[in-house]
Amino acid sequence: MGFAPLLAGDCEVFMSGHELTPEEKLAATEKGVQVAERLVGHGGLVLLTAPENTVNELTLTQIRELMKGNYTNWDQVGGPSLPVVFISLEDTDTDIRIFLLNNFLKIPAFHAKTVRVINYQAAIRKAATTPGGLAYCRIRDIEISGAAGETKILKVKKEPDTLAVLPSRETIADGSYPLQRPFYLCTTNTAHPEVQKFVDFVASRGWGGEIK
């Protein structure tokens with residue numbers, strides 16, 4: 001289920017991994033539907049590079065510059081003189097891609113030299129075998145692939161003078177890992193009262209924890 005079925009009345013609640021986009025809000029307005037978003041949790045984004053890359057950590061600002069293509073060489077973030085090869089999924093409708101573009105980077109699209117792969121497992125393999133590679137995935141993708149020893153997982157710092165933190169279930173849950181995306185439960189004004197009670201219950205459990 002997703003946003004389109006919600007507007008069509010085929011479901012009364014769905015989970016979104018990004019804030020509603022301007023296009024989604026416009027579609028709701030045109031249908032005369034009021035959509036409410038309730039923040040219920042977070043998920044961490046894991047950044048990967050090749051094992052031989054000497055960079056071990058990045059700030060959020062450095063990550064933005066690398067993903068936007070404003071930084072094109074790893075020596076711009078204290079690493080080797082090596083071109084940055086940014087790796088992303090082909091699917092333009094994935095929640096993470098939408099979150100990165102709309103909320104984290106605030107740009108319409110990734111730069112033209114972005115290498116596109118079919119899924120997160122391919123992104124992990126590509127990052128591990130590509131000199132200068134930089135890819136993103138979810139924690140569960142690393143766990144499923146068993147490739148944690150084949151690629152380098154980068155630590156992330158919120159600011160240059162703050163602690164660099166590795167992504168984990170624990171650091172996402174306690175909020176210390178800074179590269180996180182939100183999860184929302186979305187409902188419409190026509191949802192059954194029991195649905196709203198369910199959303200209220202989930203939201204009341206506290207939204208600092210990690211959603212798998």
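Treat the numbers as computed from the prediction; the structure is a model and nothing was measured. (Residues numbered from 1 in each chain as written. Predicted model: local features only at pLDDT ≥ 70, side-chain atom pairs only at ≥ 80, totals over all residues. Heavy atoms only, no water.)

Caption draft 1: Main features of the pattern of salt bridges. Here the structure, examined in full by the defined rule, presents five salt bridges. A salt bridge links Asp-141 to Arg-138; the shortest N-O distance between them is 2.8 Å. Taking relative accessible area as the criterion, Asp-141 reaches 3% and is therefore assigned buried. The partner of Lys-197 in a salt bridge is Glu-194, with the nearest N and O atoms 3.4 Å apart. Of the two residues, Lys-197 and Glu-194 both sit in helix α8 (residues 193-204), three residues apart, roughly one turn of that helix. For Lys-197, a relative accessible area of 53% puts it in the exposed group. According to the relative accessible area criterion, Glu-194 is partly exposed, its value standing at 47%. (Salt bridge = Lys/Arg side-chain N within 4 Å of Asp/Glu carboxyl O. Buried < 20%, exposed > 50% of the residue type's maximum accessible area, 1.4 Å probe, protein only. Helix = DSSP H or I, 4+ residues; strand = E, 2+ residues; numbered from the N terminus.)

Caption draft 2: Focus on unusual backbone geometry. A positive phi angle is found at Lys-106, which is not glycine, with a value near 60 degrees. Its place among the elements puts Lys-106 in the loop between α4 (95-105) and β5 (115-117). Owing to a relative accessible area of 63%, Lys-106 belongs among the exposed residues under this scheme.

Caption draft 3: Region of the structure containing the environment of Gly-79. With respect to the secondary-structure elements, Gly-79 resides in the loop between α3 (60-68) and β4 (85-89). Each C-alpha atom, one on Gly-79 and one on Asn-53, is 7.2 Å from the other, the two residues being 26 residues apart in sequence.

Caption draft 4: Highlighting the environment of Phe-104. Within the element layout of this structure, Phe-104 appears in helix α4. Here the alpha-carbon distance between Phe-104 and Glu-23, two residues 81 residues apart in the chain, equals 17 Å. Excluding anything up to four places from it in sequence, Phe-104 contacts Leu-60, Ile-63, Arg-64, Met-67, Phe-99 and Leu-179. (Contact = heavy atoms within 4.5 Å.)

Caption draft 5: A look at the side chain of Lys-152. The topology assignment puts Lys-152 in strand β7 (residues 152-153). Buried charge without a salt bridge: Lys-152, with Glu-52 as the nearest opposite-charge side chain at an N-O distance of 8.3 Å. Separated by 2.3 Å, the side chain of Lys-152 and the backbone oxygen of Asn-53 make a polar contact. Filtering out sequence-adjacent residues up to four positions away, Lys-152 remains in contact with Leu-47, Leu-48, Thr-49, Ala-50, Pro-51, Asn-53, Thr-54, Val-55 and Asn-56. (Lys, Arg positive; Asp, Glu negative; His and termini not counted. Polar contact = N/O pair within 3.5 Å; in protein donor to acceptor, adjacent residues only side chain to side chain.)

Caption draft 6: Main features of the pairing of strand β1 (residues 13-16). Of the two faces of β1, only the one carrying Phe-14 and Ser-16 is buried; Val-13 and Met-15 on the other face are not. Relative to strand β9 (residues 180-188), β1 runs antiparallel, the two being bridged by four bridges. Bridge assignment links Ser-16 to a residue of β9, and that residue is Tyr-184. (Pairing = 2+ DSSP bridges.)

Caption draft 7: Up close: α8. Taking 1.5 Å per residue, twelve residues should reach 16 Å; α8 reaches 16 Å between its end C-alpha atoms and fits that length. Of the positions making up α8, those classed as buried are Val-195, Val-199 and Ala-203. Each buried residue of α8 lies within a common arc of 75 degrees when the element is viewed along its axis, so the set occupies one face. Turned more than 90 degrees away from the buried face of α8, the exposed residues are Pro-193, Lys-197 and Ser-204. Of the surrounding elements, those touching the buried residues of α8 are β1, β2 (35-49) and β9. (Expected span 1.5 Å × (residues − 1). Arc of directions from axis to C-beta.)

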